[in-house]
Amino acid sequence: MNNSPISTSIFDLFKVGPGPSSSHTIGPMKAAFDFLERLKKRPEATLQTADSVHIQLYGSLSATGKGHGTDRAIVAGLLGWQPESTDPTALLALLKEPAKTYPVQIGNRTIPLGVEHIHFERKKYESPYANTVVFKLVSAGETLFEQEYYSIGGGFIIRKGEEAADPSAIQLPYPYQTMKELKTRLYDHQLTLEQLMLANETAVTGRSAKEIDQRIDLLLDFMHKAVRRGLRHTGTLPGSIKLRRKAPVLFQQARGLAQSSDSFLIFLNAYCLAASEENAAGGIVVTAPTSGASGVIPGLTYLAKHHFHYDKTTLRAGMWAAAAVGFLVKHNASISGAEMGCMGEIGTASAMGAAFLTQCAGHSIGAVEAAAEIGIEHHLGMTCDPIGGYVQIPCIERNAMGAVKAYNAFLLATAGTPANQKISLDAVIKVMKATGRDMSTKYKETSEAGLALSATEC
Ligand code: SF4
């Protein structure tokens, strides 16, 4: 376990970027961009002799990187593109023509980058993380400079050798590592969850409360734009599965029904599918906490806004509760499908969604914790086995299922006394970590087992 207090920013957990995968698309793009930036600091004499950049992908990045567009993301990053400002159409156009090369700026000249420079390595590679990428600047076959990166889920990356960067160097007003510690801080200082999280966020980012509020509103706006686009877009998703979009069909169906439990569920399904289908199509989404799981929270927040008519202040408070749960899982287990299987992605998103709903409805921190615990508990052991390496089957429907479970977790947690909940959030996160560690690699975003093997029957 990381022994430093949690110092992740809400804007690192919820990131704007192109789909379909935070670990396989956004992470590698950021790593490539970072490599480019690091090259700028190399001596010009070294850069002058370079003739190519080679990229080696290992682990899950190699196994399912093609379906996730990892190669395009790497080209984009080396061209200087950043996830939040990338045009998804331009990104999808990269590498369409296999013979085309792209000019990478190295010092005061450019060198060509083509598909032959990106290597999906099949051999085993000793690495502390499942998703590893190595960038090499090469001259006549000799490596001039290299950097290894780990994509650890949710678009977060770590450079080799910098794993031990000390986040405790940040002076947090209310440090915590576990839900137990978080609750102690809340009680001791008589704070609301939102007040505590905001104070820590200000310490981490240096932003004012007003600026942070505005940026959370903007995140919600990005999420809801993805939902609205997905409700409009019809047709088939990219890739060999030829999966037809379903969100607009469900939306029309829900609109044709009288208000009922069925129509409520179909609306929620439609919203979650809409954002997930946009993600699968490579559209701009918000990691929540990952791109694969970027339908759960957008679907629930859209529902909360348009059906429950919660105001901005309430939605922001809910987002802080969701963030707190996401931080705790990321810190004490992992939000990466390649590390934890799908319980790390959809399981975490469902727990965050349950916490969001419970907080918005004005319940206690005990109820928020119980809802999140239930959300994770009933995703334990869920594997990650996307067919063909595409974030489509089971991922898209899984977002809708995760949101429905989140809603039920909220109902279960708010009936009766939260103190009667036998399992704590900290305990279930520990179980998630142990289960993820014991899970066979075949079920961790490699498409080597499970549903992925039923591809021939599709
Ligand atoms: S199965 Fe789950 S964890 Fe795996 S890619 Fe799909 S959404 Fe992500």
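Residues numbered from 1 in each chain as written. Predicted model: local features only at pLDDT ≥ 70, side-chain atom pairs only at ≥ 80, totals over all residues. Heavy atoms only, no water.

## Some words on the overall build of the protein
Quick note on the threshold: Numbering of helices and strands runs from the N terminus, with a helix taken as a DSSP run of H or I at least four residues long and a strand as a DSSP run of E at least two residues long. Each radius of gyration reported is based on C-alpha atoms, and the globular scaling rule is 2.2 Å times the count of residues to the power 0.38. In this scheme, a residue with accessible area under 20% of its type's maximum is buried, one over 50% is exposed, and one in between is partly exposed, where area comes from a 1.4 Å probe on protein chains only. By the convention used here, residues are in contact when the closest approach between their heavy atoms is within 4.5 Å. Surface exposure here means Shrake-Rupley accessible area, sampled with a 1.4 Å probe, where a residue is shielded only by the protein chains that are shown.
Helices and strands together make up the secondary structure of the protein, namely 18 helices and 9 strands. Relative to the 2.2 N^0.38 estimate, which gives 23 Å for 458 residues, the radius of gyration of the protein is 22 Å and therefore close to what a compact globule would have. The principal-axis extent of the C-alpha atoms belonging to the protein is close to 70 × 50 × 40 Å. Buried positions account for 56% of the 458 residues belonging to the protein. Put simply, 76% of the contacts in the protein that link residues at least 6 apart link residues at least 24 apart. Accessible area of the protein: about 18,500 Å², with a carbon and sulfur share of 52%.

## Re the environment of Asp217
For the record, the criterion: Here a polar contact is taken to be a pair of N or O atoms separated by no more than 3.5 Å, where protein atoms must pair a possible hydrogen donor with a possible acceptor and residues adjacent in sequence count only if both atoms sit in side chains.
Mapping Asp217 onto the fold places it in helix H9 (residues 209–232). On a C-alpha basis, the gap between Asp217 and Tyr125 in space is 42 Å, while along the polypeptide they are 92 residues apart. In this view, Asp217 contacts Lys312 and Arg316; residues no more than four positions away in its chain are not counted. A distance of 2.9 Å separates a polar atom in the side chain of Asp217 from a polar atom in the side chain of Arg316.

## Description of the side chain of Thr8
With respect to the secondary-structure elements, Thr8 resides in the segment before helix H1 (10–13). You can call Thr8 buried: its relative accessible area is 19%.

## Considering the UniProt feature "domain: Serine dehydratase-like alpha subunit" (unreviewed entry) in the protein
For clarity, the cut-off: UniProt positions are given in the numbering used here, feature names are shortened, and annotations may be inferred rather than shown by experiment.
Look at the UniProt record and you will see "domain: Serine dehydratase-like alpha subunit" (unreviewed entry) annotated at residues 189–452. Spanning residues 189–452, this segment combines 62% helix with 1% strand, and its end C-alpha atoms are found 49 Å apart.

## Description of the UniProt feature "domain: Serine dehydratase beta chain" (unreviewed entry) in the protein
Taking the numbering used here, the UniProt-annotated feature "domain: Serine dehydratase beta chain" (unreviewed entry) corresponds to residues 9–161. Between the C-alpha atoms that bound residues 9–161 the distance is 22 Å, and the span itself is 34% helix and 30% strand.

## As for the packing of aromatic side chains
Quick note on the threshold: Classification of ring pairs rests on two measures: the distance between centres of Phe, Tyr or Trp rings, Trp counted by its six-membered ring, which must be within 6.5 Å, and the angle between planes, read as stacked under 30 degrees, edge-to-face over 60 and tilted in between.
Within the structure shown, the criterion is met by 14 aromatic pairs. On the numbers, 5.1 Å between centres and 35° between planes, the contact of Tyr129 with Tyr150 is tilted. Taken together, the residues Tyr129 in the loop between strand E5 (118–120) and strand E6 (131–139) and Tyr150 in strand E7 (residues 142–151) connect sequence positions 21 residues apart. A relative accessible area of 25% means that Tyr129 is categorised as partly exposed. With relative accessibility at 1%, the residue Tyr150 sits in the buried group. Within the aromatic cluster, the residues linked to one another by ring pairs are Phe264, Phe308, Tyr310, Tyr407 and Phe410.

## Observations concerning the environment of Tyr390
Within the secondary structure, Tyr390 sits in the loop between helix H16 (365–377) and helix H17 (395–413). Along the primary structure Tyr390 and Leu61 are separated by 329 residues, whereas in three dimensions their C-alpha atoms are 12 Å apart. In this structure, Tyr390 is in contact with Gly67, Pro238, Gly239, Ser240, Ile241 and Cys395, ignoring residues within four places of it in sequence.

## Topic: helix H5 (residues 70–78)
Residue pairs three or four apart in sequence face the same way in an α-helix, which turns once every 3.6 residues. Buried residues dominate H5, accounting for 8 of its 9 residues. Every buried residue of H5 is accounted for by Thr70, Asp71, Ala73, Ile74, Val75, Ala76, Gly77 and Leu78. Gly80 sits one or two positions beyond H5 and adopts a positive phi of about 95°.

## Section: the sheet that holds E6
Paired through backbone hydrogen bonds, the strands of a sheet run either parallel or antiparallel to each other. Definition in use: Strand pairing is assigned whenever DSSP detects at least two bridges linking the two strands. Simply put, an axis is a line fit to the C-alpha atoms, just over the touching stretch for a helix, and the angle between two N-to-C directions goes from 0 to 180 degrees.
Ordered by their spatial adjacency, 5 strands build an open sheet running E5-E2-E6-E7-E8, and the pairing between neighbours is mixed. The sheet is open, and its two borders are formed by E5 and strand E8 (157–159), each paired with just one other strand. Between one strand axis and the next, the sheet turns by 25° as a mean value, whatever way the strands run. Direction of pairing for strand E2 (residues 52–59) relative to E5: parallel, over a ladder of 3 bridges.

## Considerations on the nonpolar core
Condition: Buried residues of nine kinds, namely Ala, Val, Leu, Ile, Met, Phe, Trp, Tyr and Cys, make up a nonpolar core once their side-chain atoms join them within 4.5 Å. The split of the chain into domains comes from an automatic or database domain assignment.
Within the largest apolar cluster, 101 residues are counted, with the highest numbers of intra-cluster contacts made by Phe14, Leu231 and Leu425. Among the elements that make up this core, the one with the highest residue count is helix H13 (residues 312–332) (11 residues). There are two domains that each give this core at least three residues, and those are domain 1 (21–159) and domain 2 (175–457). Residues within four places of Phe14 in sequence aside, it is in contact with Leu219, Met223, Val286, Thr287, Ala288, Ile297, Met319, Ala322, Ala323 and Met352. Leu95, Tyr102, Ile111 and Leu137 belong to the second largest nonpolar core, which has 31 residues in total.

## Focus: the pattern of salt bridges
Let me state the cut-off plainly: Here, a salt bridge means any Lys or Arg side-chain nitrogen found within 4 Å of an Asp or Glu carboxyl oxygen.
Taken as a whole and judged by the stated rule, the model has 12 salt bridges. The partner of Arg316 in a salt bridge is Asp213, with the nearest N and O atoms 3.7 Å apart. With Arg316 in helix H13 and Asp213 in helix H9, this pair connects stretches of sequence that are 103 residues apart. Grouping residues by exposure puts Arg316 and Asp213 together as buried. Across the pair Arg229 and Glu278 runs a salt bridge, and its minimum N-O distance is 2.9 Å. Remark: Glu278 occurs in helix H11 (residues 261–280) and Arg229 occurs in helix H9; sequence separation between them is 49 residues. Through salt bridges with shared partners, one network takes in Asp34, Arg159 and Glu162.

## Digging into the site of the ligand
How we decide: Whether a residue is near a molecule or strand depends on its heavy atoms: it is near if one of them lies within 4 Å of it. Under the convention adopted here, Pro, Cys and the residues Ala, Val, Leu, Ile, Met, Phe, Trp and Tyr are nonpolar, Asp, Glu, Lys and Arg are charged, and Gly plus all remaining residues are polar.
Inspection of the region around the ligand gives Gly292, Cys342, Glu345, Cys384, Pro394, Cys395, Arg398 and Glu445 as its neighbouring residues. Grouping the constituent residues of the shell around the ligand by class yields 4 nonpolar, 1 polar and 3 charged.

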